[in-house]
Every structure is written in structure tokens, then in C-alpha cells.
Amino acid sequence: MNILAFESSCDETAAAVVRDGRTVLCDCIASQADMHTIYGGVVPEIASRKHVEAIVGLAEEALRRAALTRTDIDAVAVTYGPGLIGAVLVGVNFAKSVAYGLNVPLIPVHHVRGHISANYLTHPDLEPPFVCLCVSGGTTLIVDVRGYTDMRVLGGTRDDAAGECFDKVARVLGIGYPGGAPLDRLAQGGDDTRYPFPRVRVHDAPLDLSFSGLKTAAVNLIHNAGQKGETLSLPDLAASFSAAVSEMLVPRTMEAVRLCGYRKVAVAGGVAANSRIRGDLELACARAGCTLYLPALSLCGDNGAMIGCQGYYEYQSGHTAGMELNAYANLDIQGG
Ligand code: KG4
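First, a word on scope: everything that follows refers to the structure included in this document. (Residues numbered from 1 in each chain as written. Predicted model: local features only at pLDDT ≥ 70, side-chain atom pairs only at ≥ 80, totals over all residues. Heavy atoms only, no water.)

Observations concerning the packing of helix H2 (residues 44–66) against helix H3 (residues 85–102)
Alright, step 1. In the contact formed by H2 and H3, the axes pass within 9 Å of each other and the chain directions differ by 30 degrees. Accordingly, the angle class assigned to the pair H2 and H3 is roughly parallel. Like other packed secondary-structure pairs, H2 and H3 cross with a definite hand, here right-handed. Facing H2, whose interface residues are Ser48, His51, Val52, Ile55, Val56 and Ala59, H3 presents Gly86, Ala87, Val90, Gly91 and Phe94. (Axes fitted to C-alpha atoms, helices over the stretch in contact; angles between N-to-C directions. Helix = DSSP H or I, 4+ residues; strand = E, 2+ residues; numbered from the N terminus. Parallel < 35°, antiparallel > 145°, perpendicular 65-115°, else oblique. Left-handed = near helix turned anticlockwise from the far one by under 90°. Contact = heavy atoms within 4.5 Å.)

Structural data, given as C-alpha cells:
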């Protein structure tokens, strides 16, 4: 089954063709990141317009690179939320028109379910159940992946997403947008104990997280140093900050897998590329006797292949949509 998949929930327009869920025939991505860098974050209206400009060409490029014609496409999958509403709408409306034109099923895919699926593409042997730490620019969730389309949220952030936090601190340091990757590079070789950032606990909800206090602590440290004319060590700050994020995420993920009684842990989303989090999870999983599944770095960020993969499993579960399909800024991963 060849699925043509579209992703447009934030600042990447993506089109991919995935065969039978796990074989990626092509994965085409047009990133707008450069466009938003000058504003220090994604400008929703610009994102929507750029998706409109890119999506038709990307669909054609995907078919060309997969060496397929339109009649070889058996279904169309699309991210229908969560995300920037105007941006998601572009993908949803385009996918609807393609599915209608080709007379094939339309498969709605939850964006974060797609991120989880990036692990199936990287690890052909991986099957549910497992616990997945989902960490991106807009989401921080610890999910019990009971089946390919059966998810239960075990914990999540009460305020900011982990990626949002990396981006904010990077922006205040003036090292660009999106800031997670440059902050990660800056942290290499830094002293992670130099700046004592808080590791926040949510009372009575041991698997929940809160990043706003950490974000404020980092921003205040930078501003106070600026006001006093003090020089901060940027590698030490980046390393201390990354350690604090990781030491909030990793123990909760391990506690979740212990409670579920599983031996498999996966990570998903843009922040899954973070070297500190990957390293700490490797150590924690080795200690707990769990197998860790890390998505390929190329599949951590938004892409169409993960939507095509998850779309296959949604289709197998009977999840298809009609032309009334809408886009959603917020969408519960447990509902689909
Ligand atoms: O999954 P993604 O591409 O988009 C969303 O669905 O949100 O994630 C983007 C986020 C950004 O916040 C970016 O700064 C962060 O992932 N990110 C990282 C790293 N690479 C990307 N954060 C920390 N360390 C990294 N190496």
C-alpha cells in the first residue's frame, strides 16, 4: 500500500511516500526556518503562506522521487492537528483535494502519533507496547503506546514544552531560532554543574512536568548578568540548562516504564535529537535493563515519512475521514 503523506503543522512543509507503513520511498521537506529566524520564532501567518507556496511542488517532487505516478497512490495521509491552525489547514485542505482527485481514502494523523512512528521507521523490529517520551517545540508528553493506535497519556507538561524552553533561552542568548540544536552544540564540553538550575516537581503528579520555572531561572540569570556587566560562560550555561531539562524528563520516563511493566523506551520529536537527553536515556535504560529506541536524527524533526508510517497503522485500524475533515490547533493524542 503506497501512502502519499503531508505534514504542515508548523514551519516545515513535507510530502513523503511510504509503502506498507515501514518503507520510505521518498521524504521531501521544505523548511521555512530561515524565514522565521529574523523574528526569533514562527510567525503563523507567514508559515501558512509558505505552506501554500510549497505544497503543490512538494507533492509532485515526492511522486517523482518515489518513481511513481498518481495511479500508484493507494491513500493520502495528513497531519490534522495539533499545530498552528492556519498551517495545519493548508495540509488538510490540500490532502483532501488530492484524495478526492485520486479517489483514494483520506487518513487523518495526529502529529505526535506521527513523531512516535519515526521510531518504527528507524527500528524495523520495534512494536508496541512501549513508553515514549514525546518532546518537541509544542509538546512534552510521556505516552503509554499500548498499540499502534492505542495511546494513553501518563504525564505531560503543565506549562511550556521542552523545545519551547530551549528556543526561548537560545533566543535570549541571541544564538538563533530554532535554538535547541545550537544550544546543544554550545553545551558540548561545558560544565553542567556550574549554574544550579531548578529541577521542578509537580506536587501529587509524579509523571507531570513543568518547565516555566526553569525557563524563567535561565532568562533571569542571563538578564541579571547583563545588568551587572558580568560574563557568563555560555558552554557552562548551555550544559547546565540541558542537564536540568534532561534530569526532569529522564527519571519520569523511567518511572513510567517501570509502572507499565515494559522493557522498551522510545523518544520522539525535535528535542529527541538532544545529545544530553539521548545520553542520559542510554545510561538509565542500561541500568534498568530496558531497550532504548532512538529515532534517526533525520526523523526527529517534522517530516512526512512519519505521517505516512502512522497513516498506515491508522488505516489498518479503520481510521479514515471524509471531505468534512477539519484541522485542529489542539488535539488529544488518545483520541486519534
Ligand atoms: O518536532 P519539531 O521539529 O517540531 C514540532 O513538532 O514542534 O521540534 C522542534 C523543536 C524546537 O523547539 C527545536 O529547538 C528543538 O525541537 N530541537 C532541539 C534539538 N534539535 C531540535 N532541542 C534540543 N536539542 C536539540 N539538539
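Here the narrative resumes, following the displayed structure.
Structural notes on the state of the cysteines
Alright, step 1. Tallied over the entire structure, the rule returns zero disulfides.
Alright, step 2. Free cysteine Cys132: the closest other cysteine sulfur is in Cys134, separated by 4.0 Å.
Alright, step 3. Assessed through its relative accessible area of 0%, Cys132 is described here as buried.
Alright, step 4. Between Cys165, a free cysteine, and Cys10, which holds the nearest cysteine sulfur, the sulfur-to-sulfur gap is 17 Å. (Disulfide = S-S within 2.5 Å. Buried < 20%, exposed > 50% of the residue type's maximum accessible area, 1.4 Å probe, protein only.)

Here we look at the sheet that holds strand E8 (residues 150–156)
Alright, step 1. With mixed pairing, five strands are arranged side by side in an open sheet as E8-E7-E6-E9-E10. Two strands close off the open sheet at either side, each with one partner strand: E8 and strand E10 (291–293). The mean inter-strand angle of the sheet, taken between neighbouring strand axes irrespective of direction, is 25 degrees.
Alright, step 2. Strand contacts of helix H4 (residues 111–122): strand E6 (130–135), strand E7 (140–147), E8, strand E9 (264–268) and E10, with the helix running at about 120 degrees to E6, the strand carrying the most contacts.
Alright, step 3. Across the sheet, helix H8 (residues 234–260) touches E6, E7, E8 and E9, and the angle it forms with E6 is around 155 degrees. (Pairing = 2+ DSSP bridges.)

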